[in-house]
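Coordinates in review
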There are 2 protein chains.
Amino acid sequence: MINVLIDRIQKLEAPIVVGLDPMWDFVPGFLQERALKEYGETLEAAAEAVWQYNKGIVDAICDIVPAVKPQIAMYEQFGVPGLQTFQRTVDYCKEKGLVVIGDVKRSDIGSSSAAYAAGHIGTVQVGGKKLSAFGEDFITVNPYLGIDGIQPFIDVCKEEKKGLFILVKTSNPSSGEFQDRKIDGKPLYELVGEHVAEWAKQCMGDSYSYVGAVVGATYPEMGEVLRKIMPKSYILVPGYGAQGGTAKDLVPYFNEDGLGAIVNSSRGIIAAYKQPAYGKYGDSGYAEAARAAALAMKEDIKSCIGE
Amino acid sequence: MINVLIDRIQKLEAPIVVGLDPMWDFVPGFLQERALKEYGETLEAAAEAVWQYNKGIVDAICDIVPAVKPQIAMYEQFGVPGLQTFQRTVDYCKEKGLVVIGDVKRSDIGSSSAAYAAGHIGTVQVGGKKLSAFGEDFITVNPYLGIDGIQPFIDVCKEEKKGLFILVKTSNPSSGEFQDRKIDGKPLYELVGEHVAEWAKQCMGDSYSYVGAVVGATYPEMGEVLRKIMPKSYILVPGYGAQGGTAKDLVPYFNEDGLGAIVNSSRGIIAAYKQPAYGKYGDSGYAEAARAAALAMKEDIKSCIGE
């Protein structure tokens, strides 16, 4: 799947991924109202409004971006109906040819990680059949439990040709609280990065590994170090735009081949219609605003990463 | 909710929690067959079989144990139907008076942690209504992202009087890979423990905090240190039984008041019918076997912790 992702990135000349993180406040009023009218003030109404919102955005961007990254928390907050919308969104995006990165940040002891891996990127055996549940192409995972929380995901990646992005240095302000603490003179994120580089060797695609990393755009000097530590891992870079990362900050995340990183923007694209710059689109033009913002992001990154 | 948990532990003289981690292989053959016959080889069949299995166990143990801990990975592997069973299990356990600890190990950047918190222990606003989704009493969370991944959970705990168990030292064999690494001469798990102790002060119940910790039974010498570092935090102790922890190992996890820890057993109880010691119950007696194993665990722990 890493080969497919790289192929799409190259074809579209866009190392970008759109975060489908539909916070309730992002959903345009007319979609909220329509769903509330049909389903009342229920979780089903929220799930329906989010689905309609997502569908509009996906239709508007699927020919210009290679991938989407639904943040499962935004669906899980609406319980089972919300997760139905997550499933529907994953299915729809795949139908439209998008690579789907499930931002699930799961991890647990071995047997539970194996269950998460089966449900998100693998299959479960029921009777004589192997069934796929959520079926994302990539997922994000948390390294705190060490290799036995990660290996079950890697095993499924090998079998199913799916991929992972392991949290190394996250984009949030307090990520340094533990991740930056020094161990034998080296910050924890570097130690985790070294492990990711080792794990990455277990499942190589044509030029990059199925095992990638998450490194926030908000810490470019750390990105530069981590780029070198994990040369064969794709880096998923959150934090561009709304969280403060700029296109210039992104340069160190890329390798000399112009590859190696994919930059996420969530609210900067899906809620672009709320920004003054895209105000002319209005609520009803939220999807067109998202398309315009995605094109602008593509150009912004291209201008810094170069040809 | 920590007050309710302690009250139930004291009344039942049982500082134990039963892990509802229904791996497919644990589900007795007759329940699998019945569900497959009704729903075919589908995720719905798996979800139905797991639900029937859980219901039997919950009915058999609800008067002798204070709490259950459903491991969401085991439900999530079956996709949306599996999560419907998770919801149904949470609801049923609460109906039966059990305290429900959702073993979800979530964490993310602030806005996403807030969404997880809303969905699992809080409420979401839809139109004019505040709606509860999964509605567990406690959940487990992962500390890798630092305080801004944790604070949204704490905020909801304060508002809703719910609780957390934060991963400090996990029970799995490779937990030391990062957690044991020394920072300024102290292992990472101690540093995390010190943070938990600070966070715990933000929301105190009568005698213990709403903010607890997870420390595996498989590392008793670390448990002893962490007990002292986090005097007001309840410790959720996985790893007893199947993972190798014994009752003697549990002593250091308790405070002198006889409180401060709750010990989990999953397969040792819910799959007891597969052990030679409980073989006489057979497949059809799996629930009675679970009850017998829970009573035996209670006595085992009592014999070491004392009165």
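Please refer to the structure placed before this passage.
Residues numbered from 1 in each chain as written. Chains lettered and ligands numbered in written order. Predicted model: local features only at pLDDT ≥ 70, side-chain atom pairs only at ≥ 80, totals over all residues. Heavy atoms only, no water.

A short note on helix α3 (residues 43-61) of chain A
- The end-to-end C-alpha distance of α3(A), which contains 19 residues, comes to 27 Å, matching closely the 27 Å that a straight helix rising 1.5 Å per residue would cover.
- Judged by how many residues are buried, α3(A) sits mostly within the fold: 15 of 19 residues are covered. (Helix = DSSP H or I, 4+ residues; strand = E, 2+ residues; numbered from the N terminus. Expected span 1.5 Å × (residues − 1). Buried < 20%, exposed > 50% of the residue type's maximum accessible area, 1.4 Å probe, protein only.)

Describing the state of the cysteines
All names here are of chain A.
- Enumeration according to the criterion identifies zero disulfides over all chains in this entry.
- Of all cysteine sulfurs in the structure, the one in C203 sits closest to C157, which takes part in no disulfide; the separation is 5.8 Å.
- Looking at C157, the relative accessible area reads 0%, which means it is buried.
- Overall, the relative accessible area of 6% leaves C203 in the buried class. (Disulfide = S-S within 2.5 Å.)

Section: the interface of chain A and chain B
- Each partner contributes residues to the interface: chain A has 73 residues there, and chain B has 73 residues.
- Buried surface at the junction of chain A and chain B, summed over both partners, amounts to about 6,000 Å²; 61% is from carbon and sulfur atoms.
- Its largest share of buried area at the contact with chain B, chain A owes to E41(A), Y144(A) and F178(A), together 15% of the area lost on that side.
- The interface formed by chain A and chain B holds six salt bridges in total.
- As a salt-bridge pair, D184(A) and R181(B) come within 3.0 Å of each other at their nearest N and O atoms.
- Counting across the interface, chain A meets chain B through 35 residue pairs in polar contact (both at pLDDT 80 or more).
- Residue classes in the side of chain A that touches chain B are distributed as 34 nonpolar, 26 polar and 13 charged. (Contact = heavy atoms within 4.5 Å. Buried area = accessible area lost by both parts, 1.4 Å probe. Salt bridge = Lys/Arg side-chain N within 4 Å of Asp/Glu carboxyl O. Polar contact = N/O pair within 3.5 Å; in protein donor to acceptor, adjacent residues only side chain to side chain. Nonpolar A, V, L, I, M, F, W, Y, C, P; charged D, E, K, R; others polar.)

A look at unusual backbone geometry
Residues and elements named next belong to chain B.
- Even without a glycine there, the phi angle at K105 is positive, about 45°.
- For K105, the position within the fold is in strand β3 (residues 99-106).
- Non-glycine residue D184 carries a positive phi angle of around 50°.
- You can see D184 is positioned in the loop between β8 (182-183) and β9 (186-187).

Some details on the relation of the copies chain A and chain B
- Mapping chain A onto chain B calls for a rotation angle of 180° and an axial translation of 0.0 Å; the resulting RMSD is 0.0 Å. Considering both components of the superposition, the chain copies are consistent with a two-fold axis. Of the C-alpha atoms belonging to chain A, the one lying closest to the rotation axis is found on I183(A), 2.6 Å away.
- Of all interface residues in chain A, 100% are interface residues in chain B too; the two copies therefore contact each other through one and the same surface. (Least-squares fit on C-alpha atoms with pLDDT ≥ 70 in both.)

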